[in-house]
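# Structure at a glance
These are the residues of each chain, in order.
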Amino acid sequence: MTGATTAGALGVVGQLLVVLGVALIAVGALGLLRLPDAYLRANAVTKAAALGLVLVLLGTAVLAPGLDAVVVLLVATALQLFTVPVAGYAVGAAARRARAPMDPRTQREEGTDPTDDPEDPDGGRAVETRP
Amino acid sequence: MILDAALVVLAVAAVVATVRVVVGPTDADRVLAVDLGFVVLLAALAVLALRLGAPALLDLVLVGTLVGFLATVALARLAARGPG
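Residues numbered from 1 in each chain as written. Chains lettered and ligands numbered in written order. Predicted model: local features only at pLDDT ≥ 70, side-chain atom pairs only at ≥ 80, totals over all residues. Heavy atoms only, no water.

Residues and elements named next belong to chain A. You can see T46 is positioned in helix α2 (residues 38–63). Reaching out from T46, the side chain makes a polar contact with the backbone oxygen of A42 at a distance of 2.8 Å. Residues in contact with T46, not counting those within four places in the same chain, are V84 and G88. (Helix = DSSP H or I, 4+ residues; strand = E, 2+ residues; numbered from the N terminus. Polar contact = N/O pair within 3.5 Å; in protein donor to acceptor, adjacent residues only side chain to side chain. Contact = heavy atoms within 4.5 Å.)

Let us look at the interface of chain A and chain B. Put simply, an interface is often sized by how much accessible area is lost when its parts join up. Opposite the 42 residues of chain A that make contact, chain B presents 41 residues. The junction of chain A with chain B conceals about 3,300 Å² of combined surface from both sides, 85% of it contributed by carbon and sulfur atoms. Across the contact surface, chain A and chain B share one salt bridge. Between D29(B) and R41(A) there is a salt bridge, with its nearest N and O atoms 2.5 Å apart. The interface formed by chain A and chain B contains three residue pairs in polar contact (both at pLDDT 80 or more). When residues of the side of chain A that touches chain B are traced back to their parent elements, those giving at least two are α1 (3–34), α2 and α3 (67–97) of chain A. With 15 residues, α3(A) is the single largest residue contributor to the side of chain A that touches chain B. Residues belonging to the side of chain A that touches chain B are distributed by class as follows: 34 nonpolar, four polar and four charged. (Buried area = accessible area lost by both parts, 1.4 Å probe. Salt bridge = Lys/Arg side-chain N within 4 Å of Asp/Glu carboxyl O. Nonpolar A, V, L, I, M, F, W, Y, C, P; charged D, E, K, R; others polar.)

On to a nonpolar patch on the surface. A contiguous nonpolar surface patch, about 690 Å² in accessible area, is contributed by L33(A), V15(B), V19(B), V21(B), V22(B), V23(B), V34(B), L75(B) and L78(B). Listing elements by their share of the nonpolar patch, those giving two or more residues are α1 (2–23) and α3 (56–79) of chain B. Tracing the backbone shows V15(B) in helix α1. (Patch = residues over 30% accessible without salt bridge, like charges linked within 9 Å, V, L, I, M, F, W, Y side chains within 5 Å. Areas by Shrake-Rupley, 256 points an atom, 1.4 Å probe, with all protein chains shown as cover.)

Turning next to the confidence of the model for chain B. Looking at chain B as a whole, its pLDDT mean stands at 88, while 96% of the residues score no less than 70. We note a pTM of 0.83 for the whole complex and an ipTM of 0.88 for its interfaces. (pLDDT = per-residue confidence, 0-100.)

Residues and elements named next belong to chain B. This model, assessed by the stated rule, comprises three salt bridges over all chains. When the shortest N-O distance is used, the salt bridge between R30 and D27 registers 3.3 Å. Here R30 pairs with D27, and both are found in helix α2 (residues 27–52), just three residues apart, close to one helical turn. What makes R30 partly exposed here is its relative accessible area of 28%. (Buried < 20%, exposed > 50% of the residue type's maximum accessible area, 1.4 Å probe, protein only.)

Bringing the nonpolar core into the picture now. Within the largest apolar cluster, 49 residues are counted, with the highest numbers of intra-cluster contacts made by I25(A), L32(A), V56(A), L57(A), L10(B), L36(B) and L58(B). For this core, the secondary-structure elements that each account for two or more residues are α1, α2 and α3 of chain A together with α1, α2 and α3 of chain B. Beyond its immediate sequence surroundings of up to four residues, L10(B) is in contact with V22(A), I25(A), V40(B), A43(B) and A44(B). Counting five residues, the second-largest nonpolar core is a separate cluster that includes A38(A), A95(A), A100(A) and A28(B). (Core = buried A, V, L, I, M, F, W, Y, C linked by side-chain atoms within 4.5 Å.)

Written out as structure tokens, the structure is:
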């Protein structure tokens, strides 16, 4: 394979990765717009943030000229993969503490969630310190 | 050409995130919408770095991932207090 065809194939792969990532972000935006409650929207947004942005960054790393850009993009990709789950958990826990309503079709096992207690004003945060 | 189309799609996603910030209904929804808006901004910066041939924008992407994470966690702490 000559150098020119290798560069052409890399260009196609990079553009495919960018397009796939942007499509995932678009699906995440659609989920943010259409899903019925905050928890389901958190699902859509974290997938878009983790997979979509990581695909865009990897595609950019394939297309970008120079080693500096590739290293910066790979570091950004790794950071994104580590931080998105933490941020998603923080938002989900915050929604639960603030008693964001669930979609009525949600199936849950009663009595397993400390934030269910209507007598507990801080939503289970101080459940260990109660007598 | 493909990169231009990607930028247009990202712009639509940013509009969707803005709509969700406005309508809510809970603060957690607004935090999520801001998070998605940040993701759209970072993706647009990466695509623009290719489109304009400006690798300096990639450093902004690196910093933006960290700032976006901190912003989301801080806003989630605020939203956990509930309405009022």
